[in-house]
Amino acid sequence: MSDIILDQAFMEEDTQKGKFLTFVLGTEEYGIEIKYVTEIINLQPITVVPEVPVYMKGIINLRGTIIPVMDVRLRFQKPVREYNDRTCIIVIHFEDVTIGLIVDSVAEVLNIADGDIVDPPNMNQTSQRYIRGIGKVNGSVKLLLDCSKLIGDDELQQIKPNS
């Protein structure tokens with residue numbers, strides 16, 4: 001029985017390999033490995049939580065589950081932009097944490113082969129700490145994010161559910 005479950009998990013992961021959900025912040029396009037994405041939802045009322053970093057906008061109640069939400073624009077120190085009808089929340093799950101990422105808009109799901117992903121140029125270590133690689137797609141570039149770097153270790157421990 002466990003072999004069947006492992007085989008299904010392996011096949012599911014294999015079918016998701018190289019697939020990225022792309023989203024827009026300003027004029028740049030970013031990508032997140034699709035295996036981390038659980039759903040995309042419209043912007044919802046956010047309850048502000050005191051004494052959290054400014055990019056952590058608060059928490060939402062997603063069908064009975066309370067999840068923290070982060071404004072990725074603020075996390076990347078981009079200018080504040082008013083939310084509109086294209087603004088949405090990408091819900092991701094990694095390292096036992098579910099978190100919502102507020103983005104300007106979602107673009108599409110792309111297949112990006114390993115050969116079309118290169119290391120980010122060595123320009124600024126601080127700004128590229130979130131970047132896992134650069135995806136080359138039809139003459140444009142997608143900044144591929146490392147989900148584990150979006151949240152610092154201290155913040156991750158604060159929002160991780162107690163076990």
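Before reading further, recall that the structure is shown in the block above.
None of these values were measured; they are calculated from a predicted model. (Residues numbered from 1 in each chain as written. Predicted model: local features only at pLDDT ≥ 70, side-chain atom pairs only at ≥ 80, totals over all residues. Heavy atoms only, no water.)

A.B. asks: I'd like to hear about the side chain of Glu33, residue by residue, with values.
C.D. replies: Along the chain, Glu33 falls in strand 2 (residues 28–33). Judged by its relative accessible area of 18%, Glu33 is buried. (Helix = DSSP H or I, 4+ residues; strand = E, 2+ residues; numbered from the N terminus. Buried < 20%, exposed > 50% of the residue type's maximum accessible area, 1.4 Å probe, protein only.)

A.B. asks: I'd like a description of the pairing of strand 10 (residues 131–137), backed by residues and values.
C.D. replies: When you tally the buried positions in strand 10, you get five out of seven residues, the bulk of the element. Two strands pair when backbone bridges link them, and strand 10 and strand 11 (residues 140–145) are joined in this way by six bridges, in the antiparallel orientation. Counted as the bridge partner of Val137 is Ser140 from strand 11. From the end of strand 10 to the start of strand 11, which pair antiparallel, there are two residues, and Asn138 there has a positive phi angle of about 50 degrees. (Pairing = 2+ DSSP bridges.)

A.B. asks: Could you give me a rundown of the sheet that holds strand 5 (residues 65–71), with the residues and numbers involved?
C.D. replies: Backbone hydrogen bonds are what pair the strands of a sheet, in a parallel or an antiparallel way. With mixed pairing, the five strands of this open sheet are ordered in space as 3-6-7-5-4. Either end of the sheet is taken by a strand with one partner, and the two such strands are strand 3 (37–42) and strand 4 (56–62). Neighbour-to-neighbour, the strand axes of the sheet open up by a mean angle of 30 degrees, direction not taken into account. As defined by bridge partners, strand 5 adjoins strand 7 (residues 97–103) across three bridges and the pair is classed as parallel. Of the residues in strand 7, the one forming a bridge with Met70 is Leu101. (Axes fitted to C-alpha atoms, helices over the stretch in contact; angles between N-to-C directions.)

A.B. asks: Mind laying out the environment of Lys19, listing which residues take part and the relevant values?
C.D. replies: As for its position among the elements, Lys19 is in strand 1 (residues 19–25). By relative accessible area, Lys19 is classed as partly exposed at 31%. Sequence separation of Lys19 and Gly31 is twelve residues, and the distance between their C-alpha atoms is 9.1 Å. When near neighbours in sequence (up to four residues on either side) are disregarded, Lys19 contacts Ile32, Glu33, Ile34, Val109, Leu110 and Asn111. (Contact = heavy atoms within 4.5 Å.)

Just geometry here; none of it tells us what the structure is for.
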